[in-house]
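What follows is the residue order along each chain.
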Amino acid sequence: MLDTLTDGFKSAIGKIRFHDDEKALKKATTELKKSLLKADVHHKVVKDLIGTVEIETKKNGVGKENFLKALQDKLTEILTIEGAPRGFTFASKPPTVVMMIGLQGSGKTTTTGKLAHFLKEQKKKKVLVIAADLQRLAAVEQLKQVTSGIEVDLFYDEDATPTQVVEDGLFKAEKELYDVVLIDTAGRLAIDDELMEELANVKTAAKPDELFYVADAMTGQDAVRTAQTFKEKIGITGVVLSKFDGDGKGGVALGLTQQVGVPLRFIGHGEKMPDLEQFISDRIVGRLMGAGDVEGLAERAAATIDPKEAKRMTQKIKKGQFNFNDFLAQMEQMKKLGSMKSIMGMIPGMGNMAKQIGDMDLENSDEIKQIKAMVSSMTPKERENPDLLNNMRKRRLATGAGMEVMHVNRVLKQFKNAAKMAKKMSGKGGAKQMQDMMAQMQGGGGMANIPR
Ligand SMILES: Nc1nc2c(ncn2[C@@H]2O[C@H](COP(=O)(O)OP(=O)(O)O)[C@@H](O)[C@H]2O)c(=O)[nH]1
Ligand SMILES: [Mg+2]
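Residues numbered from 1 in each chain as written. Chains lettered and ligands numbered in written order. Predicted model: local features only at pLDDT ≥ 70, side-chain atom pairs only at ≥ 80, totals over all residues.

As recorded by an unreviewed UniProt entry, the chain carries the name signal-recognition-particle GTPase and is attributed to uncultured Sulfurovum sp. A UniProt comment under Catalytic activity (unreviewed entry) is attached to the chain, and it reads "GTP + H2O = GDP + phosphate + H(+)". Per UniProt, the comment on the chain under Sequence similarities (unreviewed entry) is "Belongs to the GTP-binding SRP family. SRP54 subfamily." (UniProt positions renumbered as here; feature names shortened; annotations may be inferred.)

To continue, consider helix H2 (residues 22-38). Between its first and last C-alpha, H2 extends 24 Å over 17 residues, near the 24 Å set by a 1.5 Å rise per residue. Listed in full, the buried residues belonging to H2 are Leu25, Ala28, Thr29, Leu32, Ser35 and Leu36. Buried residues of H2, viewed axially, fall in a sector of 130 degrees; they line one side. Those residues of H2 that are buried lie in contact with helix H1 (3-15), helix H3 (43-60) and helix H4 (64-79). One or two residues past the end of H2 sits aspartate 40, with phi positive at roughly 75 degrees. (Helix = DSSP H or I, 4+ residues; strand = E, 2+ residues; numbered from the N terminus. Expected span 1.5 Å × (residues − 1). Buried ≥ 20, exposed ≤ 12 C-beta atoms within 10 Å, placed from the backbone. Arc of directions from axis to C-beta. Contact = placed C-beta atoms within 7 Å.)

In the vicinity of ligand 1, 18 residues are found, and the nearest of them are Gly107, Lys108, Thr109, Thr110 and Gly268. Top element by residues in the shell around ligand 1 is helix H5 (residues 108-121). It accounts for 3 residues. Taken together, the residues that form the shell around ligand 1 break down as no nonpolar, 13 polar and 5 charged. (Near = placed C-beta within 6 Å. Nonpolar A, V, L, I, M, F, W, Y, C, P; charged D, E, K, R; others polar.)

So, on to the UniProt feature "domain: SRP54-type proteins GTP-binding" (unreviewed entry) in the chain. In the numbering used here, UniProt assigns the "domain: SRP54-type proteins GTP-binding" (unreviewed entry) feature to residues 263-276. Structurally, residues 263-276 is divided into 0% helix and 43% strand, and its ends, taken at the C-alpha atoms, are 16 Å apart.

Another aspect to go through is the nonpolar core. Residues Ala131, Val181, Val239 and Leu241 are the most contacted members of the largest nonpolar core, which totals 92 residues. Top element by residues in this core is H4. It accounts for 7 residues. Of the residues that make up this core, three or more belong to each of domain 1 (3-79) and domain 2 (96-289). In this structure, leucine 241 is in contact with Ala215, Ala217, Ala223, Val252, Ala253, Leu264, Ile267 and Gly268, ignoring residues within four places of it in sequence. Judged by nonpolar contacts, the second largest core, of 8 residues, contains Phe324, Ile371, Met374 and Val408. (Core = buried A, V, L, I, M, F, W, Y, C linked by C-beta atoms within 7 Å. Domains from an automatic or database assignment.)

For the bond running from proline 94 to proline 95, omega is 0 degrees, close enough to zero to count as cis. Here proline 95 lies in the loop between H4 and strand E1 (96-101). Even without glycine at this site, lysine 124 takes up a positive phi of about 55 degrees. Among the secondary structure elements, lysine 124 is positioned in the loop between H5 and strand E2 (127-132). One non-glycine residue, lysine 207, adopts positive backbone phi at about 40 degrees.

What the 8 strands build is an open sheet, ordered E3-E2-E4-E1-E5-E6-E7-E8; its pairing is mixed. Each end of this open sheet is capped by a strand with a single partner; those strands are strand E3 (153-155) and strand E8 (276-278). Strand-to-strand twist in this sheet, taken as the mean axis angle between neighbours without regard to direction, amounts to 25 degrees. Pairing between strand E6 (residues 238-242) and strand E7 (residues 264-268): 3 bridges, direction parallel. Within the sheet, the bridge partner assigned to leucine 241 lies in E7 and is isoleucine 267. Contacting E1, E2 and strand E4 (180-185), helix H8 (residues 193-206) crosses the sheet at an angle of about 175 degrees to E1. (Pairing = 2+ DSSP bridges. Axes fitted to C-alpha atoms, helices over the stretch in contact; angles between N-to-C directions.)

Structure representation (structure tokens):
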């Protein structure tokens with residue numbers, strides 16, 4: 001994901017010393033160059049980035065502040081297309097029509113579902129998906145499954161041509177006042193004229209506001225090249241990089257916007273419906289510079305966490321009733337949010353910690369495993385009310401979980417303290433305390449302060 005890139009930036013930033021000279025700058029840019037190339041960023045993009053950062057830093061005086069400023073400006077420039085929309089934008093007159101195109105297997109159908117889910121859940125829009133991939137027999141069936149799982153309407157007609165389906169679907173969308181229409185189209189294994197013609201016809205029928213090219217991130221620079229071809233032949237307004245979870249390096253995301261001349265709009269990072277993130281340049285720059293991305297984290301949380309459940313939890317915490325059942329439920333929610341490292345990287349000032357945490361698997365850490373083993377040896381009543389646990393019951397738990405009684409006591413005490421702390425934090429002034437703590441961490445971390 002973006003972690004490899006973020007790490008590279010962090011270590012380069014760390015190489016600029018406070019007593020600055022050109023040697024320190026050279027060291028930092030060499031470091032940055034190495035890690036960008038290692039992350040598979042295209043060499044031309046790397047050359048341009050390093051060149052500009054060097055020139056700008058020297059022009060304003062070699063030093064950490066000027067280096068960071070130059071780096072931030074250049075990153076913003078290469079991730080932004082002048083006049084292009086920030087995030088998903090809606091047509092002035094609904095429905096907003098989006099056509100999804102790309103090679104076979106690139107992730108069009110999955111991404112169509114993810115986008116529908118995003119628009120429905122986060123933007124509260126009424127979404128209609130049109131199945132215009134009538135090439136593959138199972139295509140409509142796949143789309144039926146995807147859309148029914150997220151409770152989004154699907155329009156299909158297996159006996160019609162792709163253009164007919166689109167025309168009929170759009171008619172329905174206008175009549176029934178849908179906000180957004182997503183059109184899933186057919187792909188081929190390679191670019192061929194027949195497909196291009198079909199897509200051009202569908203485009204004429206759909207008059208889309210947006211044409212998203214879905215590219216498989218795991219194909220590296222090929223993703224960029226095919227996007228260029230689709231841009232020339234059909235015209236595209238944005239790129240979605242799918243399977244970013246499988247691309248350990250992630251450098252393609254950095255160069256793509258400039259290389260294709262069209263902004264990267266979304267990143268898909270998993271097979272499930274919530275696994276889609278908006279690619280918004282200033283947020284990404286913030287994350288790369290170690291300043292976090294609170295907005296993005298909130299969005300990710302909103303996409304995965306059930307608001308009713310979250311409210312119930314908050315109430316329990318406030319009343320000091322947080323018990324072991326709640327703990328297990330919270331662990332499940334956390335798991336959905338993504339790896340601890342990626343979460344930490346999005347919290348301001350926590351960037352450094354993300355590195356220390358590394359790939360720690362919260363779910364499978366020894367502590368969590370032990371707590372889970374312990375909880376599974378508890379009766380339902382004990383889970384609800386840990387105060388019931390007297391010495392005899394503790395001995396039973398210890399045997400059940402294969403632990404010493406001493407250890408059971410320690411875990412129980414830790415759990416009690418954590419619940420107490422959470423209660424305090426959730427009370428009056430709690431938010432303020434949290435902010436102060438964050439501010440201290442940020443100040444201590446010596447991170448770049450990026451204005452929004
Ligand atoms: N890991 C992962 N798999 C994905 C992602 N997007 C799509 N896939 C998988 O890629 C395969 C092809 O996706 P599909 O949407 O059918 O591609 P299409 O032929 O372009 O419509 C499916 O097995 C998907 O589950 C992603 O972001 N991450
Ligand atoms: Mg498909």
